[in-house]
Amino acid sequence: MSDHTIQSVSKESRVFEPPTDFAKKARVPTREAYDNLYRQSMEQPEEFWGEQARNLHWHKPFTKVLTWDAPHVKWFEDGKTNLAYNALDVHANGARRDKPALIWEGEPGDQRTFTYHELWRETCRFSNVLLSLGVSPGDRVAIYMGMVPEAAIAMLACARIGAVHTVIFGGFAAEAVRDRVNDAEAKLVITQDGAYRRGQLVVLKEHVDRALEHCPTVKSTIVLRRTHNPIDFKEGRDHEWSELMRNAKAEHEAPALDSEHPLYILYTSGTTGKPKGVLHTTGGYMVGTWLTTRDVFDIQDSDIYWCTADVGWVTGHSYIVYGPLLNGATALMYEGAPNHPDPSRFWQIIEKHKVTIFYTAPTAIRAFVRWGDDHVEKHDLSSLRLLGSVGEPINPEAWMWYRRVVGKDKCPIVDTWWQTETGAMMITPQPGAISTKPGSCTLPFYGVSPKIFREDGTEAGPNEGGLLVIDRPWPSMFRTVWRNEDRYLSYFEKFPGKYFTGDGARRDEDGYFWVIGRVDDVVNVAGHRLGTAEIESALVSHAAVAEAAVVARPDELTGSALVAFVTLKGNRSPSPELKIQLLDHVAQEIGKFARPAAIRFADALPKTRSGKIMRRLLKDLASGNTSQGDTTTLEDISVLAKIGTEE
Ligand code: PRX
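Note that the structure is a prediction, hence the values are computed from the model and not measured. (Residues numbered from 1 in each chain as written. Predicted model: local features only at pLDDT ≥ 70, side-chain atom pairs only at ≥ 80, totals over all residues. Heavy atoms only, no water.)

Thoughts on the packing of helix H4 (residues 83-92) against helix H11 (residues 314-326)
At a closest axis distance of 8 Å, the pairing of H4 and H11 adopts a crossing angle of 55°. For the element pair H4 / H11, the angle class is oblique. Handedness of the H4/H11 crossing: left-handed. Contacts between H4 and H11 pair Leu-83, Asn-86, Ala-87 and His-91 from the former with Tyr-322, Leu-325 and Leu-326 from the latter. Each residue belonging to the contact of H4 with H11 can be placed in one class, and the counts come to five nonpolar, two polar and no charged. (Axes fitted to C-alpha atoms, helices over the stretch in contact; angles between N-to-C directions. Helix = DSSP H or I, 4+ residues; strand = E, 2+ residues; numbered from the N terminus. Parallel < 35°, antiparallel > 145°, perpendicular 65-115°, else oblique. Left-handed = near helix turned anticlockwise from the far one by under 90°. Contact = heavy atoms within 4.5 Å. Nonpolar A, V, L, I, M, F, W, Y, C, P; charged D, E, K, R; others polar.)

Considerations on the site of the ligand
Near the ligand you find 17 residues, and of these Asp-415, Thr-416, Gln-419, Thr-420 and Arg-529 are the closest. One of the backbone N or O atoms of Pro-393 is found 3.3 Å from a nitrogen atom in the ligand. At 2.6 Å, a side-chain N or O of Thr-420 approaches an oxygen atom of the ligand. At the level of secondary structure, the elements contributing two or more residues to the shell around the ligand comprise H11, strand S20 (413-416) and strand S25 (513-518). (Near = heavy atom within 4 Å. Polar contact = N/O pair within 3.5 Å; in protein donor to acceptor, adjacent residues only side chain to side chain.)

A word on unusual backbone geometry
Following Ala-70, the chain continues into Pro-71 via a peptide bond in cis, with omega recorded as 0°. Its location among the elements puts Pro-71 in the loop between strand S1 (66-69) and strand S2 (72-75). That bond from His-340 to Pro-341 is cis: its omega, 0°, falls within 30 degrees of zero. With respect to the helices and strands, Pro-341 occurs in the loop between strand S17 (330-334) and helix H12 (345-353).

Some words on the pattern of salt bridges
Overall, the coordinates contain 38 salt bridges when judged by the stated rule. One salt bridge connects Arg-97 with Asp-98, and the closest N-O pair in it is separated by 3.6 Å. Residue Arg-97 is classed as partly exposed on the basis of its relative accessible area, which comes to 39%. We classify Asp-98 as exposed; its relative accessible area is 58%. With a closest N to O distance of 3.1 Å, Asp-298 and Arg-385 form a salt bridge. Taken together, the positions of Asp-298 in the loop between helix H10 (282-296) and strand S16 (304-307) and Arg-385 in the loop between helix H14 (373-377) and strand S19 (386-390) put the pair 87 residues apart, joining distant regions of the chain. (Salt bridge = Lys/Arg side-chain N within 4 Å of Asp/Glu carboxyl O. Buried < 20%, exposed > 50% of the residue type's maximum accessible area, 1.4 Å probe, protein only.)

Examining helix H3 (residues 45-53)
Those residues of H3 lying buried are Phe-48, Trp-49, Gly-50, Gln-52 and Ala-53. The secondary structure elements touched by the buried residues of H3 are helix H2 (31-43), S2 and H10.

So, the sheet that holds strand S4 (residues 100-105)
Taken in spatial order, the seven strands make up an open sheet running S5-S4-S17-S16-S18-S19-S20, and their pairing is mixed. Strands with a single pairing partner mark the edges of an open sheet, and in this sheet they are strand S5 (111-115) and S20. Recorded for the sheet is a direction-independent mean angle of 20° between the axes of neighbouring strands. Here strand S18 (residues 357-360) runs beside S19; their pairing, made up of four bridges, is parallel. The residue of S19 that forms the bridge with Thr-360 is Ser-389. Across the sheet, helix H5 (residues 116-132) is in contact with S4 and S5; its angle to S5 comes to roughly 90°. (Pairing = 2+ DSSP bridges.)

Details of the confidence of the model for the protein chain
Looking at the protein chain as a whole, the pLDDT averages 93, with 94% of positions reaching at least 70. Mean pLDDT values for the elements of the protein chain range from 66 in helix H20 (residues 638-642) up to 99 in helix H6 (residues 149-161). (pLDDT = per-residue confidence, 0-100.)

Here we look at the side chain of Thr-221
By the element assignment, Thr-221 lies in strand S11 (residues 220-224). Of the polar contacts made by the side chain of Thr-221, one reaches the side chain of Asp-238; its length is 2.8 Å. Discounting residues that sit within four places of it in the chain, Thr-221 has contacts with Leu-188, Val-189, Leu-212, Arg-237, Asp-238 and His-239.

Quick word on the packing of aromatic side chains
As enumerated under the stated definition, the model contains 42 aromatic pairs in all. Centroid distance Trp-49 to Trp-75: 6.3 Å. Interplanar angle 75°. Geometry classified as edge-to-face. Here Trp-75 lies in strand S2 and Trp-49 lies in helix H3, a separation of 26 residues in the sequence. Residue Trp-49 is classed as buried on the basis of its relative accessible area, which comes to 3%. Between the aromatic rings of Trp-306 and Phe-346, the centroid separation amounts to 4.8 Å while the plane-to-plane angle is 65°, which identifies the pairing as edge-to-face. With a gap of 40 residues between them, Trp-306 in strand S16 and Phe-346 in helix H12 connect regions that are remote in the sequence. By relative accessible area, Trp-306 is classed as buried at 1%. Lying over the aromatic face of Phe-172, Arg-180 brings its terminal NZ or CZ to 4.1 Å of the ring centre. Of note, Lys-437 hangs over the ring of Tyr-512, and the distance from its end group to the ring centre comes to 4.5 Å. (Phe/Tyr/Trp six-rings, centres within 6.5 Å; stacked < 30°, edge-to-face > 60°. Lys NZ or Arg CZ within 6 Å of the ring centre and 35° of its normal.)

Structural data, given as structure tokens:
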């Protein structure tokens, strides 16, 4: 990382003011209103957050707002609350009782709607199911499901009884499920027979069966029937969702949990070794997701809000389930792919459900651009009033297309920068208050103090690229890496006591942030955050492979694409069949979405004298750059010439 200089070449100068009509009705209607709130949050953080948090229900009010003993933080420490109570009970037993909480659209076209009262009752019932299977506060529960309402119900029920959920993205293979379940030492796995994805069946239960051969902590599973494919059922271990629910009471009183009670673990990729279990706790996360959802999405009671993320990623946690429900909003959840049965599916859903707020990822936007405007234009999207983007930098042209073709030049766009570790949005416009510039995530949210640092820890000047660091604690920040405190501490080592995000960025002359992307060996491929180290170790676990280095190259559609450089063991030689085998192997070990776009065989990898692989050179090779940069530290210059080109 230390040989990294960051150059930001973007010369974007377009500025879009918040539309007057939008601003007039917005929760934060002017730049001045935002500035005041932000100033207060910086000057008097404890008063600010204390006042905000009191908008939610506390079973026992807190007297202490913040305890910061860098890098450890506690928020609302002596308070007691219950996130599920705030997300459901307060609405279900009040004016929003019959308001839709969740509208669900299945990939085959089926539909279900849960009012707040219904979602509350289902969650209470499932809480009793969990209790009946012996799940206690603090126990870990793995949720390996597709995009079905029951995934949200399972998460909410865990939060309600104080069990710690760990949602495992349904695209992961059995081996990845096994590793996560074992790291979390989960007691219970909740899954489905199968899930629909682009018309295909994903055999989730089968993957669970394979994973559980090596998961000694798991005592039981709960299986939801969705696709009705035949599955094996292990007597004594496996339980039917529907049967358990039929026998469970719908009454459950939400217990008072400590503000710092662990809420969930979500595995995400890091630069080295295994995925890390990012741990979020209750009170601070609740306040952070509630307030960002309210002010960034400008949530109003009449909104139909749709976030297209998967519940297996943090965006699904914070902005499909927790944030919207805490606000009493109506959230839409879609089970399937954007191009099933055809590339107009998203637009058809927006028209059908009269979606008003649409939150998606740049990789999806670039795919829509490629599929053509016709698919968008043949649908009535006049219900839309706000668009959002998350997951990776959005290139200005994609931003402009989103604004023009989807938003018809009338919807503001919120480009929201944040991470699994931050729990909630960190740098983002507030749509009624902040002018936007295509490609910039604009200004910090309340209480967020981002800085651009040079390598030596001094602050970079305007428009000077550097490392994005957050130098104050915020309520929804992660509290540790599960059972790996050292990895938590490593985020605060480069700049002692300050959180280093792993991203490069610059701040322009107006104070706007432009995130350039990761500066470490973490890559974003089609919105999936992957550690190159994980893919390398998957490759090396194949019998033919001696060594592997995976780097990213820019890709028009997916943002980045992975290129794997592989050296083989002495007795093996490169072949097209072996390439396919290696790709299948990665799919098997991690999941199909992690398969490299290209594999290049090499006799040796370029290394420094101390044996460190020179990824910078491989990146140049992968991107087809002729300039090889500085090779003075390269041990054996001839290896570069021997690295095969791509067929
Ligand atoms: O590099 C940044 C990029 O996604 C990373 C975080 O990935 P993950 O933890 O999977 O969370 C994704 C959803 C919040 C960041 O370090 N990223 C996320 N949002 C943006 C972004 N890069 C630029 N602009 C964004 N709006």
